[in-house]
Amino acid sequence: VKGVIPFYEPGLDRLVLKNVEEKRLSFTTSLAEGMKDADVVFIAVQTPMSESGEADLKYVMKVGEEIGELLDDYKVIVTKSTVPVGTNAELKKVIGAKLKNGVAFDMASNPEFLREGSSIEDFMRPDRVVIGVDSERAEELMREIYRPLYLSDTPMVRTGIETAELVKYASNSFLAVKISFINEIAKLAEAVGADVFDVAKAMGLDKRIGSKFLHPGLGFGGSCLPKDTNAIVHIAQEAGSDMSIVRSAIQVNRDIPQRAVAKAERLVGDLAGRKVALLGLAFKPNTDDIRSAASLELVKLLEARGCKLAVHDPAAMENFKLLHPDLNYCQSPYEACEGADLTILVTEWNQYRQLDFNWLSGAMAGKAFLDCRNVYDRPHLEKFGFKYDCFGRADHSSPA
Ligand code: UDX
């Protein structure tokens, strides 16, 4: 084991190496070897979104079959993967059908709530651990596994299996609704001359609302919120129910890149032939993940208008290159901005929070800055002669 992590997650390489060295962690490509002597088997394979928006379960079911073939004494089979309600019941049948000697096993649903970029902290100090089980024996084993967290007073919520499956979708959809809600307020704030920054701050101080997930901007991307909102809409449809609030949240989110392009046009006029610098490609800071990132849609829309794009991201450029090999990839934000008519801040990486506008004002061809994450403010940018726009702050849009 070299301790090389194939994706960007701060601190994970050290944690993995430490535990390998101390012989608490080992890796194998053999399922039989991995399952040998295990009390609990976690399934954590991907459940990508299929064309129609449902979660694609082929990897989960495949691993279920293999587990069934190998099972030779009692184990708890835990799904960590986010799976539609009813999947554990289905998986139980798939595993059961492959059993050779009628050994007992239990299913458990144990949804994960880790955020990319801060997953270690989220794992060590979770707000709650949800354990969906239908047997005492499985509950006991799961509690034993999480005992170190239990000691630090982490609330454990024991539920039925279907309930645990739904908790994950309901939680992520609620977060998505919160983001879309504040993005809609941002749009309204622009129209009525208000400031979403202050609205969100004042709303967030109400403990019933809370200040988290009220940052307006380019909306939600990533591997979870877009996928899980679509999946819950499907789950509801299949159950003869409707998730109209989540459907609206998805729609609000979908419209945002178009609004960003309209703002870009307001700042520099016709975009055809303009050089535009994009700072940030990852769906959020501290990750190299570009799945459902707003940058993908922005690139598409800006290219369709004939822009010449120069892009920078501290971690996600290699991933982006796989989809867009022909963009101008730059080694620093400054290289991307050199000669640009407009700079668009797409992802709020720390290194973009303190840009040298003095330098930029000399190096850019035009002085226009579209701040899609509300990191700066108009008075600051105007000091350097920039036209500026952001989301939801009426007083912070430079006049057209
Ligand atoms: C999310 C959930 O937070 C986590 O509990 C779950 O297990 C997996 O999905 P993650 O996808 O890593 O985690 O990112 P998160 O920090 O939730 O952000 C999701 C998206 O929403 C990002 O694109 C982010 O930029 C955006 N966002 C977040 C906002 O636009 N505004 C906010 O206020 C918060």
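Overview of the structure. Computed from a prediction, not measured in an experiment: that's the story for all the values here.

This next bit is on the overall build of the protein chain. Scanning the protein chain from terminus to terminus reveals 16 helices and 11 strands. Its C-alpha atoms put the protein chain at 75 × 45 × 40 Å along the principal axes. Restricting to contacts in the protein chain with at least 6 residues of sequence separation, those with at least 24 account for 70%. Put simply, the protein chain shows about 20000 Å² of open surface, and 53% of that area lies on carbon and sulfur atoms. One finds the centroid of the 49 positive side-chain charges in the protein chain at a distance of 3 Å from the centroid of its 58 negative side-chain charges.

Take the site of the ligand next. If you check the shell around the ligand, you find 20 residues, and the closest are Phe113, Glu116, His215, Gly221 and Cys224. Contact distances for the ligand include 3.4 Å between an oxygen atom and a backbone N or O atom of glutamate 112. Backbone polar atom of histidine 215 to an oxygen atom of the ligand: 2.8 Å apart, as the coordinates give it. For the ligand, the accessible surface in isolation is 670 Å², of which the surrounding protein chains cover 92%. It is helix α8 (residues 161–192) that provides the largest number of residues to the shell around the ligand, a total of 4 residues.

Here the focus is helix α4 (residues 87–98). Along its 12 residues, α4 runs 17 Å from first to last C-alpha, staying within 8% of the 16 Å computed at 1.5 Å per residue. Among all positions of α4, only Thr87, Asn88, Leu91, Val94 and Ile95 are buried. Seen along its axis, α4 keeps its buried residues to an arc of 115°; they face one direction. In this structure, α4 carries Lys93 and Ala97 as exposed residues pointing more than 90 degrees from its buried face.

Every buried residue belonging to helix α12 (residues 294–304) is among Ala294, Ser295, Leu298, Val299, Leu301 and Leu302, and all of these are buried. At its buried positions, α12 is contacted by α11 (244–268), β6 (275–279), β7 (308–312), α13 (317–323) and β9 (342–345). Two residues or fewer after α12 comes glycine 306, characterised by a positive phi angle close to 85°.

Here we come to the packing of helix α3 (residues 58–70) against α4. The geometry of α3 relative to α4 is characterised by a closest axis approach of 7 Å and an angle of 40° between their N-to-C directions. Taken together, the axis directions place α3 and α4 in an arrangement best described as oblique. Seen from above, α3 lies across α4 with right-handed handedness. Across the interface between the two elements, Val60, Met61, Gly64, Glu65, Gly68 and Glu69 of α3 pack against Thr87, Glu90, Leu91, Val94, Ile95 and Lys98 of α4. Here the residues of the contact of α3 with α4 sort into 5 nonpolar, 3 polar and 4 charged.

In this section: the sheet that holds strand β3 (residues 105–109). As summarised here, the arrangement of the 5 strands in space is β1-β2-β3-β4-β5, forming an open sheet in which the pairing is mixed. Each of the sheet's edge strands pairs with one partner strand only, and the pair in question is β1 (40–43) and β5 (156–159). Shown here is a sheet whose adjacent strand axes are inclined to one another by a mean of 25°, direction ignored. Here strand β4 (residues 129–133) runs beside β5; their pairing, made up of 4 bridges, is parallel. Pairing of glycine 132 across the sheet is with threonine 159, part of β5.

Here we take up the packing of aromatic side chains. On inspection of all chains with the given rule, the structure shows 8 aromatic pairs. Their ring planes at 75° and their centres at 5.3 Å tell us that phenylalanine 357 and phenylalanine 369 sit as a pair that is edge-to-face. Note that phenylalanine 357 is positioned in helix α15 (residues 357–363) and phenylalanine 369 in strand β10 (residues 368–371), a separation of 12 residues in sequence. Accessibility expressed as a relative area gives 0% for phenylalanine 369, which makes it buried. Between the aromatic rings of phenylalanine 369 and tyrosine 376, the centroid separation amounts to 5.7 Å while the plane-to-plane angle is 90°, which identifies the pairing as edge-to-face. Here phenylalanine 369 matches tyrosine 376 in class, with each residue buried. Through pairs of rings, three or more aromatic residues link up here, namely Phe357, Phe369, Tyr376, Phe384, Phe386 and Tyr388.

A few words now on the packing of α8 against α11. Look at α8 against α11: their axes get within 9 Å of each other, and the N-to-C directions meet at 45°. One element, α8, and the other, α11, form an angle in the oblique class. When you trace α8 past α11, the crossing you get is left-handed. Side by side, α8 and α11 meet where Ser173, Ala176, Val177, Ser180, Asn183, Glu184, Lys187 and Glu190 of the first sit next to Ile245, Val246, Ala249, Val252, Asn253, Ile256, Arg259 and Lys263 of the second.

This part covers the side chain of serine 173. Assignment of secondary structure puts serine 173 in helix α8. Note on serine 173: relative accessible area 4%, which makes it buried. With sequence-adjacent residues up to four places away left out, serine 173 is seen in contact with Asp228, Thr229, Ile232 and Val246.

For β6, the buried fraction is high: 4 of the 5 residues fall into the buried class. Pairing between β6 and β7: 5 bridges, direction parallel. Looking at β7, one finds that valine 276 is bridged to leucine 309. The handedness of the β6 to β7 crossover, carried by α12, is right-handed. In the sheet, β6 pairs with β9 via 4 bridges, with the strands oriented parallel. Paired with valine 276 across the bridge in β9 is leucine 342.

Analysis parameters
Residues numbered from 1 in each chain as written. Predicted model: local features only at pLDDT ≥ 70, side-chain atom pairs only at ≥ 80, totals over all residues. Heavy atoms only, no water. Helix = DSSP H or I, 4+ residues; strand = E, 2+ residues; numbered from the N terminus. Contact = heavy atoms within 4.5 Å. Areas by Shrake-Rupley, 256 points an atom, 1.4 Å probe, with all protein chains shown as cover. Lys, Arg positive; Asp, Glu negative; His and termini not counted. Charge placed at Lys NZ, Arg CZ, Asp CG, Glu CD. Near = heavy atom within 4 Å. Polar contact = N/O pair within 3.5 Å; in protein donor to acceptor, adjacent residues only side chain to side chain. Expected span 1.5 Å × (residues − 1). Buried < 20%, exposed > 50% of the residue type's maximum accessible area, 1.4 Å probe, protein only. Arc of directions from axis to C-beta. Axes fitted to C-alpha atoms, helices over the stretch in contact; angles between N-to-C directions. Parallel < 35°, antiparallel > 145°, perpendicular 65-115°, else oblique. Left-handed = near helix turned anticlockwise from the far one by under 90°. Nonpolar A, V, L, I, M, F, W, Y, C, P; charged D, E, K, R; others polar. Pairing = 2+ DSSP bridges. Phe/Tyr/Trp six-rings, centres within 6.5 Å; stacked < 30°, edge-to-face > 60°. Right-handed = clockwise from strand over helix to strand, strands pointing away.

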